[in-house]
Amino acid sequence: MRSFSNLWYWIALAVVWSSSSHWVLGVPFDMVTRARRHGGEAEMDLHDIVRVNVNRILFITDFTGIWIIGFGSFGLTALVLLGFVYEVEFAQAVFLLAAPMSLVFWLSVRTAHGIREADGADLYRRLHRHRFITQVIGMISIFITAFWGMWQNMSHGVL
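Counting restarts for each chain, with residues numbered from 1 along the sequence as it is written. A pLDDT threshold of at least 70 governs which residues receive local features in this predicted model, and a stricter bar of 80 or more applies before side-chain atom pairs are shown or counted, although totals over entire chains, interfaces and linings include all residues. Side-chain measures here rest on the full set of heavy atoms in the structure, leaving out hydrogens and waters.

A. Highlighting the packing of helix α2 (residues 29-38) against helix α5 (residues 121-155). Every axis in this analysis is a line fitted to C-alpha atoms, fitted for helices over the stretch in contact. Angles between the N-to-C directions lie between 0 and 180 degrees. Think of it this way: any DSSP run of H or I at least four residues long counts as a helix, any run of E at least two long counts as a strand, and we number them from the N terminus. Between α2 and α5, the least distance of the axes is 11 Å, while the angle of their chain directions is 145 degrees. Between α2 and α5 lies a crossing whose hand is left-handed. Contact residues: α2 offers F29, V32, A35 and R36, while α5 offers Y124, L127, H128 and R131. Taken together, the residues of the contact of α2 with α5 break down into five nonpolar, one polar and two charged. Note on convention: the crossing is left-handed when the near helix lies turned anticlockwise from the far helix by less than a right angle, right-handed when the turn is clockwise. Residue contacts are counted whenever heavy atoms from the two residues lie within 4.5 Å of one another. Note on residue categories: nonpolar means Ala, Val, Leu, Ile, Met, Phe, Trp, Tyr, Cys or Pro, charged means Asp, Glu, Lys or Arg, and polar means any other residue, Gly included.

Below you can see the structure in the form of structure tokens.
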């Protein structure tokens, strides 16, 4: 299973990171910018959808947080062992997608806790900061994945 020489893996990597930076806490970012520019009904819609998504995220993490952490840690540990100890390239590829996305998930939960009481300019600031940090995590992840993928392709003689 050669993942790093497969075009579909790189397409999936691009889709994962573009989607995660566009959907901030389950809210499309164009909705945030439209609400900030126009206010009124767009702003009320944004507050409603943010409130629903924040409550959903916090409900899920309050009741299943320990299980999510346990299964997530198990899954990432299994991918590390399979990928980097037993040198299964598919596990390496999945780990390089899943590990940074787990950071984005943690950031989403942290931001949801902060947004619970936020409104107005503070809400916009938190959503923008969340998106910026997600984009930074994505850029670092894409760089590391591209570096590791090139290294794997060159060491296996696949160009």
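B. Quick look at the layout of surface pockets. Cavity means a closed set of points on a 1 Å grid over the protein atoms alone, one where a 1.4 Å probe fits but cannot get out, pocket means an open set with protein on both sides within 12 Å along at least 5 of 7 lines, and lining means a residue has an atom within 4 Å of a point. Grid points are joined across faces, edges and corners, and a volume is the space filled by probe spheres set on the points. The space that makes up the largest pocket amounts to roughly 310 Å³. Taken together, T61, G65, I68, I69, G72, S73, L76, S102, F105, W106 and V109 form the lining of the largest pocket. Those elements giving two or more residues to the lining of the largest pocket turn out to be α3 (40-85) and α4 (89-115). Among the elements that take part in the lining of the largest pocket, α3 stands out by supplying seven residues, more than any other. Across the lining of the largest pocket, the residue classes break down as six nonpolar, five polar and no charged. Of the pockets and cavities examined, the second largest pocket occupies roughly 250 Å³. Lining the second largest pocket we find 13 residues, and of these L25, G26, V104, F105 and S108 sit closest to its centre. Within the lining of the second largest pocket, the residues separate by chemical class into seven nonpolar, five polar and one charged.

C. Layout of the environment of L79. Relative to the helices and strands, L79 resides in helix α3. Residues L79 and Q92, spaced 13 residues apart in sequence, show a C-alpha to C-alpha distance of 6.7 Å.

D. Structural context of the side chain of H130. If you trace the backbone, H130 turns up in helix α5. Judged by relative accessible area, which is 3%, H130 ranks as buried. Separated by 3.2 Å, the side chains of H130 and T111 make a polar contact. Discounting residues that sit within four places of it in the chain, H130 has contacts with V24, L25, V104, L107, S108 and T111. To sort residues, take the accessible area from a 1.4 Å probe on protein chains only and compare it with the maximum for the residue type: under 20% means buried, over 50% means exposed, and anything in between is partly exposed. Two N or O atoms form a polar contact when they lie within 3.5 Å of each other; inside protein one atom must be a possible hydrogen donor and the other a possible acceptor, and for residues adjacent in sequence the pair counts only when both atoms belong to side chains.

E. Seen up close, the packing of aromatic side chains. Here a Phe, Tyr or Trp ring, Trp counted by its six-membered ring, pairs with any other such ring whose centre lies within 6.5 Å, and the pair is stacked when the planes are under 30 degrees apart, edge-to-face when over 60, and tilted otherwise. A complete count under the given rule lists seven aromatic pairs for this structure. Here W67 and F71 contribute two aromatic rings whose centre-to-centre distance is 5.8 Å and whose plane-to-plane angle is 25 degrees, an arrangement assigned as stacked. Taken together, the positions of W67 and F71, both in helix α3 and four residues apart, correspond to about one turn of that helix. W67 sits in the exposed class, given a relative accessible area of 59%. Cluster of aromatic residues (ring-pair linked, three or more members): F4, Y9 and W10. It is R131 that lies over the ring of F29; its NZ or CZ is 4.1 Å from the centre. Definition used: whenever NZ (Lys) or CZ (Arg) falls within 6 Å of the ring centre and also within 35 degrees of the ring normal, the charge is taken to sit over that ring.

F. Structural view of unusual backbone geometry. Residue L25 is not a glycine yet carries a positive backbone phi of 55 degrees. Turning to its location among the elements, L25 is positioned in the loop between β1 (23-24) and β2 (27-28). By relative accessible area, L25 is classed as buried at 5%. Non-glycine residue E87 carries a positive phi angle of around 55 degrees. Judged by relative accessible area, which is 64%, E87 ranks as exposed.

Remember, this is a structural readout, not a statement about activity or role.
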